[in-house]
Amino acid sequence: MRVSYIYVLLSFFLILFTGCRKEEFDFTNATVEVVLSPQGVGDQGYNDKILRGFQEASVKYGFTLALHLPEEKEMGRRIYKDWLDAQLDDDCDRSLFVFSGSEYEYLLEDLTLPDDNRKDVLMFETEREVDGIYTFFVGCYAASYLAGATSVFDNEGEEQKALVIAANPHDRQVRRAVDGYRDGYLAAGGNGCDVHYLSGALDGGYRMQDEAYRFCLENDGNYMYYFSAAGTSNKGLYRFSREHSNMAVGMDNDMGFFSSLITMSVVKHMDKVIVDVLGDLLNNREIPYHQKFTYLSGYEELVYSAEFTEDWFLDISDIRKRIVEIEQSYEESLQ
């Protein structure tokens, strides 16, 4: 825990020296308290982007930021209760509590809301709509679909298959990535796309990078492209790509630095959406209690690695033109 606290401080001071200017708001004193995903920080991807988003927002808006790094998700309930019971100082204008991950979704069933109208609660990434609690999620189906379509080579007559490593079959965001990549790969002419789940448990598969590496190694040469949607377990696939020269797609951040053969990445700009949503909430702007951010929001994107450009891949301009419609149709099918 001490190491994690030092990491947060170092990251915060790095941002302080970027020259960000504080944005003017109506309030004079605000606090944001965040419970992060257990063991998530340090993944160089999704969770680190979340951390950076909160740090950037604290510099931009000037609020007091408190970060909690619990060892297990049940600690989130106690941390929330402590915030709920705490009395705000008279000079505090706003206080926001944030559950920064869908693993805390189960708490929504019996979450007591604050009596103080200066306090609000935010949870992401969840599709749940709960009265009095702000929620949102950032989709990834469209960006994953484009990644799958881009993974097909213009090799007429040659069989092409891809492999997707996924954390578990229960996480809806993992499902979006899996479905998107597979659907895009097949739509662009791929012959098959196999999916392997690292775990059958509800919260399983996110910290199994050795297992991910081993499964890829067992299937070395069987696939043209490898893609992983499994949290920190993704690093097992990145290591496999680097050590055994296989084409791969990164997830959550631009992962090209892990391997020269990670040609592109499905990026979720969690840092940007956090800055934007916190700005709305802290300035008391009228926003929906639940927001759904898809491709048009700009928060999900397919990014090519530094050594590659769009010209290197199969021309999928016709798919790009229809990607918003494709994603909308998919999202409607989930309802």
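Our structure's up above, just so we're on the same page.
Calculation rules
Position numbers for residues start from 1 in each chain and track the written sequence from start to end. Local features are withheld for residues below a pLDDT of 70 in this predicted model, meaning they are given only at 70 or higher, and side-chain atom pairs are given and counted only at 80 or more; totals for whole chains, interfaces and linings count all residues. The basis for every side-chain value is the complete set of heavy atoms in the structure, and neither hydrogens nor water enter the calculation. What is meant by a nonpolar core is a set of buried Ala, Val, Leu, Ile, Met, Phe, Trp, Tyr and Cys residues, joined one to another through side-chain atoms within 4.5 Å. Residue burial is assigned from relative accessible area. The probe radius is 1.4 Å, only protein chains are included, and a residue is buried under 20% of its type maximum, exposed over 50%, and partly exposed in between. Every helix listed is a DSSP run of H or I at least four residues long, and every strand listed is a run of E at least two residues long, numbered separately from the N terminus. Contacts between residues were defined by any pair of non-hydrogen atoms, one from each residue, lying within 4.5 Å. Any two strands with at least two DSSP-identified bridges between them are counted as paired. Between the N-to-C directions of two axes lies an angle of 0 to 180 degrees, each axis being a line fitted to C-alpha atoms and, for a helix, fitted only over the stretch in contact.

Novice: What's the story with the nonpolar core in this structure? I'm lost.
Specialist: General note: in soluble globular proteins, nonpolar side chains tend to be found buried as a group. Tyr181, Tyr225, Phe227, Val249, Met264 and Val266 are the most contacted members of the largest nonpolar core, which totals 54 residues. The dominant element in this core, judged by the number of residues it contributes, is helix H4 (residues 141–150), at seven residues. Contact partners of Phe227, with chain neighbours within four places excluded, come to Ser144, Leu163, Val164, Ile165, Ala177, Tyr181, Leu237, Val249, Gly250, Met251 and Val266. Core analysis: the second largest hydrophobic core is formed by 30 residues, Ile50, Leu51, Val138 and Val275 among them.

Novice: Before we go on, may I ask you to explain the environment of Val275 in this structure?
Specialist: By secondary structure assignment, the location of Val275 is in helix H8 (residues 270–282). Taking the C-alpha atoms as reference points, Val275 and Phe215, separated by 60 residues in sequence, lie 37 Å from one another. If we skip the residues at most four places from it in the chain, Val275 touches Gly53, Glu56, Ala57, Lys60 and Tyr61.

Novice: I'm lost on the sheet that holds strand E7 (residues 192–197) in this one. Help?
Specialist: Picture the strands of a sheet paired through backbone hydrogen bonds; they go either parallel or antiparallel. The strand order across the open sheet formed by six strands is E7-E6-E8-E9-E10-E12, and the pairing between neighbours is mixed. Unpaired on one side and paired on the other, E7 and strand E12 (300–304) mark the two borders of the sheet. When strand polarity is set aside, the average angle formed by the axes of neighbouring strands in this sheet is 20°. The sheet contact formed by strand E9 (residues 248–252) and strand E10 (residues 262–268) spans five bridges and is parallel.

Novice: Help me understand the pairing of strand E4 (residues 119–124), please; the structure alone is not making it clear to me.
Specialist: Residues in a regular strand point their side chains to alternate faces of the sheet. Burial analysis of E4 places six of its six residues in the buried class, the great majority of the element. Taking every second residue as pointing to the same face, both faces of E4 are buried, with Lys119, Val121 and Met123 on one and Asp120, Leu122 and Phe124 on the other. The pairing of strand E3 (residues 94–100) with E4 spans six bridges and is parallel. Residue pairing across strands places Leu96 opposite Asp120, the latter belonging to E4. Pairing of E4 with strand E5 (residues 134–138) involves three bridges; the strand directions are parallel. The residue bridging Leu122 from the neighbouring strand is Tyr134, located in E5.

Novice: What is the right way to look at the environment of Asp43 in this model?
Specialist: Mapped onto the elements of the fold, Asp43 is located in the loop between strand E1 (30–35) and helix H2 (46–61). For Asp43, a relative accessible area of 8% translates into the label buried. C-alpha separation for the pair Asp43 and Thr232, spaced 189 residues apart in sequence, amounts to 5.6 Å.

Novice: Is there a simple way to explain the sheet that holds E1 in this structure?
Specialist: Taken in spatial order, the six strands make up an open sheet running E2-E1-E3-E4-E5-E11, and their pairing is parallel. Only two strands of the sheet have a single partner each, and these edge strands are strand E2 (64–68) and strand E11 (290–293). On average, adjacent strands in this sheet sit at an angle of 15° to one another, irrespective of strand direction. The strands touched by H2 are E1, E2, E3 and E4; relative to E2, the strand with the most contacts, the crossing angle is about 160°.

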